[in-house]
Amino acid sequence: LKTRSEPLGITLVIGDHEKFVFDENTYGALLQYPNVDGKVSDYSSFIQTAHDAGALVAVAADLMSLALLKPPGEMDADVVVGSSQRFGVPLGYGGPHAAYFAARDAYKRHMPGRIIGVSIDANGKSGYRMALQTREQHIRREKATSNICTAQALLAIMAGMYAVYHGPDGIKNIAKNIHISTKILADELEKNGLKQVNSAFFDTICIEHEIDNATIRNLALEARINFRFIDDKHIGITLDETTQPEDIQNILTVFRQALQQKAEPVSFETGVDKFGFPAELARQTEYLTHPVFNSYYSETEMMRYIKRLENRDLSLTRSMIPLGSCTMKLNAATEMYPVSWPEFGRLHPFVPQDQARGYRQVFDELEAMLCEITGFDAISLQPNSGAQGEYAGLLVIRAYHKSRGDGNRNVVLIPSSAHGTNPASAVMTGMDVIIVKCDEKGNIDLEDLRAKAVENREKLAAMMVTYPSTHGVFESKITEMCEIMHENGGQVYMDGANLNAQVGLTNPAIIGADVCHINLHKTFSIPHGGGGPGMGPIGVAKHLTPFLPTHSVVPVGGEKGIPAVSGTPWGSSSILLISYAYIKMLGSAGVTDATKWAILNANYIVSRLQETFPILYKGEKDRAAHEMIFDFRPFKESANIEVEDVAKRLMDYGFHAPTVSFPVPGTMMIEPTESESRDELDRFCDALLQIREEIREIENGTADKENNVLKNAPHTAEIVISENYELPYSREKAVYPLLYLRENKFWPPVGRIDNVYGDRNLVCACPPLEAYE
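What comes next is a walk through the structure.

The rules behind each value
- Residues numbered from 1 in each chain as written.
- Predicted model: local features only at pLDDT ≥ 70, side-chain atom pairs only at ≥ 80, totals over all residues.
- Heavy atoms only, no water.
- Pairing = 2+ DSSP bridges.
- Helix = DSSP H or I, 4+ residues; strand = E, 2+ residues; numbered from the N terminus.
- Buried < 20%, exposed > 50% of the residue type's maximum accessible area, 1.4 Å probe, protein only.
- Arc of directions from axis to C-beta.
- Contact = heavy atoms within 4.5 Å.
- Polar contact = N/O pair within 3.5 Å; in protein donor to acceptor, adjacent residues only side chain to side chain.
- Phe/Tyr/Trp six-rings, centres within 6.5 Å; stacked < 30°, edge-to-face > 60°.
- Axes fitted to C-alpha atoms, helices over the stretch in contact; angles between N-to-C directions.
- Patch = residues over 30% accessible without salt bridge, like charges linked within 9 Å, V, L, I, M, F, W, Y side chains within 5 Å.
- Areas by Shrake-Rupley, 256 points an atom, 1.4 Å probe, with all protein chains shown as cover.
- Salt bridge = Lys/Arg side-chain N within 4 Å of Asp/Glu carboxyl O.
- Right-handed = clockwise from strand over helix to strand, strands pointing away.
- Core = buried A, V, L, I, M, F, W, Y, C linked by side-chain atoms within 4.5 Å.
- Parallel < 35°, antiparallel > 145°, perpendicular 65-115°, else oblique.
- Left-handed = near helix turned anticlockwise from the far one by under 90°.

### Remarks on the pairing of strand β3 (residues 79-83)
Every regular strand shows the same layout, with side chains that alternate between the two sheet faces. Of the strand pairs in this sheet, strand β2 (residues 56-61) and β3 are connected by three bridges, and their pairing is parallel. The partner of Ala60 across the bridge, within β3, is Val81. As judged from the five bridges shared by β3 and strand β4 (residues 99-103), these two strands associate in the antiparallel manner. Counted as the bridge partner of Ser83 is Ala99 from β4.

Structural data, given as structure tokens:
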């Protein structure tokens, strides 16, 4: 919060909520539930006072505790946030973990990111969709209030399935076991003369003592136990569902040895006579009431439920996913394997450093490899998404300017072709955004850039540029652009989204960039996971090294470093293992070959399709980079076909649609990556060429402009087996337009979704199953 508040001019008042007095300048409050030392408080009166003063209240709450404790919503909180890690996701030395974000219904359209809602398809059937699906940054750009891009979807699925399997009763039993174990420990320690200072608690106790900390620490380490030493007189202890009776016995033995008392066995048979919090703080309301959380209690049933959902996903296991700007490449099994090892997965992010030397070796070697690849002097692994890498990089530039007495430098030049998160990130760092034009070939207008750099030279902070460009070409003037920025006192931020076309052939340092973020989930093979986990480390030139992000708990970053941009020192630490293994196994020659194949595959698609579909931009040598943009706008006039119709029809051919209408409306941006064989590229090209023939049928009048295979796509199994099939083309044409589909058919689970209906009828929670009957 300190990091994010300062550039926006927001003042933080950090202190005791019970003593805080609201005034007309206070717009909000953030509370922790339970707090950092484990104390549980009823915030109802504080929240009422805040509301009376016109302020709103967010509560950061432990999800597991809410199975027993009064939820913040019942205290009238406005927003509740937290981590879902406790629902079955490994600690992973800091991540990845999915956060949760809940708000009152009144604020749902102010929430960042996207919400899964319920709409209807063309046949009147219900279907889930991403409501409000155009990201804020793409609508508002330099007026955006959030740069949030990555959603930790894969981790959210893990946490969600944990809840599905255990159900409300199972979750409550887990929470009870955690709390009862904690209460037993607290009671036993008090019997030994130690004071437990939390008047109410869930899983964390705070022990007041008069013993030398070094004595306790040494005894604990001998017993392979880590405590949290809050200060010289207080120790924090947290238990979880993995805590066994012998663990509690070992903790008690440590304290009894420190007190020079005789160790005595603890009886766990009688349990506890009451909870460690008052009745008024106990949860009264139901939760997880939807049938899905009350249906799958056997492992077999759970397996089948997950498989049923998996069968509705069109993934890389079926076909290439040619999303432009997203680099959906192969995630090899060997790279993924170490993530599941307990030696990596079960480490708490703040264990003593000498207990995580394996991780440190991975970090050090990965940083060195990324430095060599990018040409930069130093890397920070802390930002845990590409958008957060943008944000961190701009803050580093801001700190650099301030250190030189240039705190007035707050103008960022951003080309009109940039990713939407670029201007949003700049605004969040307190910068003013000026858009630079692109020419008719999609390149940054060099003279417009020069004019705006000179005009703003006294306030110029940086330029944000993507290379190769978002239009899919290597801009030949890129080094000159960087020189223009440096001549006028600015820095160059390179968006690393397209680094997959650089590795081994060129790098950000060669072109003249000062900082860039690296999408490890793109170029370096971490799975996208339906939106996450992602990682966005930043690399910097030597003069920016002192300003790399620090951390309040673990010493990292530069000597003049900006405050933390992530809750943990190395971001989502455990998935760094994937990129580490990817680079180690490929080596220098391998990662370079991957780049060459990515560019070759892209240009092969260009060569097969450019006579049929206009390609919007090419480089000076008549080539694309690693991706290209095809223009579908002419078909609107000739056949009443929109780019969305082609995207939906591709589902019938077994392909996920490429990126639609970004960065240019009415177009498709296609990126095959190096992972795809020529056979797969041909299959994809054959599908698009056949779709062109279907468009031609509309153009020549053979097919109706409104009732045709494209406008009705995708076609579900239910449609084609219906006795009342009344479409003006054959069932075979609908679902088997090419021969290969008879061998490997993906059946879309729903038909064409009504987007307008979905946005007008936003549903945040699952409706009952009866709604689907």
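Additional details are given in the paragraphs that follow.
### Points about helix α13 (residues 446-455)
Every buried residue belonging to α13 is among Leu446, Asp448, Leu449, Lys452 and Ala453, and all of these are buried. Within α13, the buried residues cover an arc of 165 degrees as seen down the axis, which keeps them to one side. Where the residues of α13 are buried, they touch β12 (411-415), β13 (432-436), β14 (460-466) and α14 (478-487). One side-chain oxygen at the N-terminal end of α13 lies 3.1 Å from the backbone nitrogen of Glu447; it belongs to Asp445.

### Structural notes on the packing of aromatic side chains
Under the definition given, this model contains 25 aromatic pairs. On the numbers, 4.3 Å between centres and 15 degrees between planes, the contact of Tyr296 with Tyr305 is stacked. Ring geometry for Phe613 against Phe630: centres 6.5 Å apart, planes inclined by 65 degrees, an arrangement best described as edge-to-face. Here Phe613 is found in the loop between α16 (576-609) and β18 (628-631), whereas its partner Phe630 is found in strand β18, with 17 residues between them in sequence. By relative accessible area, which is 1% here, Phe613 ends up buried. Taking relative accessible area as the criterion, Phe630 reaches 1% and is therefore assigned buried. Here a set of aromatic residues connected by ring pairs shows up, and it is made of Tyr93, Tyr337, Trp341, Phe344, Tyr359, Phe363 and Trp570.

### Some thoughts on the sheet that holds strand β11 (residues 378-380)
Spatially, the seven strands line up as an open sheet ordered β11-β17-β16-β15-β14-β12-β13, and their pairing is mixed. Strand pairing shows two members of the sheet lacking a second neighbour, β11 and β13, which therefore form its edges. For this sheet the average axis-to-axis angle between neighbouring strands, irrespective of direction, equals 25 degrees. With three bridges joining them, β12 and β14 adopt parallel strand pairing. For Leu413, the partnering residue across the bridge sits in β14 and is Met463. Seen against the sheet, α14 touches β12, β14 and β15 (491-495) and runs at an angle of roughly 165 degrees to β14.

### Remarks on the side chain of Thr667
By the element assignment, Thr667 lies in strand β20 (residues 667-670). Thr667 sits in the buried class, given a relative accessible area of 0%.

### Description of a nonpolar patch on the surface
A contiguous nonpolar patch, built from Leu1, Leu12, Ile14 and Leu30 and spanning about 420 Å² of accessible area, is present on the exposed surface. Looking at the element boundaries, Leu12 is found in the loop between α1 (2-5) and β1 (28-33).

### Here we look at the pairing of β15
In terms of burial, β15 is a largely internal element, five of the five residues being buried. Alternating positions in β15 separate into two faces, Gln491, Tyr493 and Asp495 on one and Val492 and Met494 on the other, with burial throughout. Of the pairings in the sheet, the one linking β14 to β15 comprises five bridges and is parallel in character. When the sheet's bridge partners are listed, Met463 is paired in β15 with Val492. Tracing the backbone out of β14, into α14 and back to the parallel element β15 gives a crossover that is right-handed. Note: β15 against strand β16 (residues 515-517), two bridges, orientation parallel. In the sheet register, Met494 faces β16, and the bridge partner there is Cys516.

### Re the environment of Ile115
Take Ile115: it is sitting in strand β5 (residues 115-120). Each C-alpha atom of the pair Ile115 and Ser199 lies 38 Å from the other, and the pair is 84 residues apart in sequence.

### What about the nonpolar core?
Across soluble globular proteins, you tend to see nonpolar side chains buried next to one another. Counting 57 residues, the largest nonpolar core has Leu370 and Phe524 as the members making the most contacts within it. Residue assignment for this core shows that the elements contributing at least two residues are α10 (357-374), β12, α13, β14, α14, β15 and α16. When residues no more than four places from it in sequence are discounted, the contact partners of Phe524 are Leu370, Ile373, Leu499, Val503, Ile518, Asn519, Ser579, Tyr582 and Ile583.

### Regarding the packing of helix α5 (residues 213-222) against helix α6 (residues 245-258)
One way to put it is that α5 packs onto α6 with a least axis distance of 9 Å and a crossing angle of 140 degrees. Judged by the angle between their axes, α5 and α6 are oblique. Relative to α6, α5 is oriented so that their crossing is right-handed. Contacts between α5 and α6 pair Thr215, Ile216, Leu219 and Ala220 from the former with Val254, Phe255, Gln257 and Ala258 from the latter.

### As for unusual backbone geometry
Look at the link from Gly532 to Pro533: it is a cis peptide, with omega at 25 degrees. In this model, Ala713 is joined to Pro714 through a cis peptide bond whose omega is -5 degrees. Structurally, Pro714 can be placed in the loop between α19 (678-699) and α20 (717-721). Look at Leu288: it is not a glycine, yet its phi comes out positive at around 50 degrees. Note on placement: Leu288 falls in the loop between α6 and α7 (299-310). Under the relative-accessibility criterion, Leu288 is labelled partly exposed at 22%. Within the chain, Thr327 stands out as a residue other than glycine whose phi angle is a positive 50 degrees. Relative to the assigned elements, Thr327 resides in the loop between α7 and α8 (333-336). For Thr327, a relative accessible area of 0% gives the class buried.

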